[in-house]
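Residue-level structure breakdown
Each chain, letter by letter, is given below.
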Amino acid sequence: MKPLHNMLKVLWASGVLGSVAVLAATPSHTLALSLYQDTTTLLASGWVFVALTGVFFKEFACFQRWEASALFALVPVVSGGHFLHLIPEGIEPTLLVALSSVFVFFALRKFTQPFHADIGDKTVFEYLALQEKAEAAEP
């Protein structure tokens, strides 16, 4: 589990750093407009979308929420479809509105989720930490 969490953190950080680079490099200093007009900027900042897709997969696997599964599908379809120019111009705004709407719904439901349910069973993490220490202690 920990390697997957670490990979998501690296992907997220890469996307954030790429987004800062895109912001610094574009004269308009608007990230959304830059991503829309020049799809190659997704090579720098698109790692955030990869990390989000992983988070949505985890959310669906843990909580079976339909909005997490919808976002798991919509994020790569919209970002990848835009990058590869596969989505017709008339359909792309509709998909963006759908993605945004489902994301807002997902976020609002996260605020109403009990804190203990989101954290989960911490004994699992304690057990994994003990296993790592035992493996490190072995010759």
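Residues numbered from 1 in each chain as written. Predicted model: local features only at pLDDT ≥ 70, side-chain atom pairs only at ≥ 80, totals over all residues. Heavy atoms only, no water.

Turning our eyes to something else, we now look at a nonpolar patch on the surface. A contiguous nonpolar patch, built from Trp-12, Val-16 and Val-20 and spanning about 260 Å² of accessible area, is present on the exposed surface. Counting through the fold element by element, Trp-12 comes out in helix H1 (residues 2–25). (Patch = residues over 30% accessible without salt bridge, like charges linked within 9 Å, V, L, I, M, F, W, Y side chains within 5 Å. Areas by Shrake-Rupley, 256 points an atom, 1.4 Å probe, with all protein chains shown as cover. Salt bridge = Lys/Arg side-chain N within 4 Å of Asp/Glu carboxyl O. Helix = DSSP H or I, 4+ residues; strand = E, 2+ residues; numbered from the N terminus.)

In this model, H1 (24 residues) spans 34 Å end to end at C-alpha, consistent with the 34 Å of a helix rising 1.5 Å per residue. Considered for burial, the residues of H1 that qualify are Leu-8, Leu-11, Gly-15, Gly-18, Ser-19 and Val-22. Next to the buried residues of H1 lie helix H2 (31–37), helix H3 (42–45) and helix H4 (47–63). (Expected span 1.5 Å × (residues − 1). Buried < 20%, exposed > 50% of the residue type's maximum accessible area, 1.4 Å probe, protein only. Contact = heavy atoms within 4.5 Å.)

Attention now moves to the layout of surface pockets. Computed from the structure, the second largest pocket encloses a volume of approximately 520 Å³. Together, 21 residues line the second largest pocket, and Leu-35, Phe-49, Val-78, Leu-96 and Leu-99 are the ones closest to its centre. Of all the secondary-structure elements, those providing two or more residues to the lining of the second largest pocket are H2, H3, H4, helix H5 (66–83) and helix H6 (92–112). By residue class, the composition of the lining of the second largest pocket is 15 nonpolar, five polar and one charged. (1 Å grid on protein atoms, 1.4 Å probe; cavity = no way out; pocket = protein on both sides within 12 Å on 5 of 7 lines; lining within 4 Å. Points joined across faces, edges and corners; volume = space filled by probe spheres on them. Nonpolar A, V, L, I, M, F, W, Y, C, P; charged D, E, K, R; others polar.)

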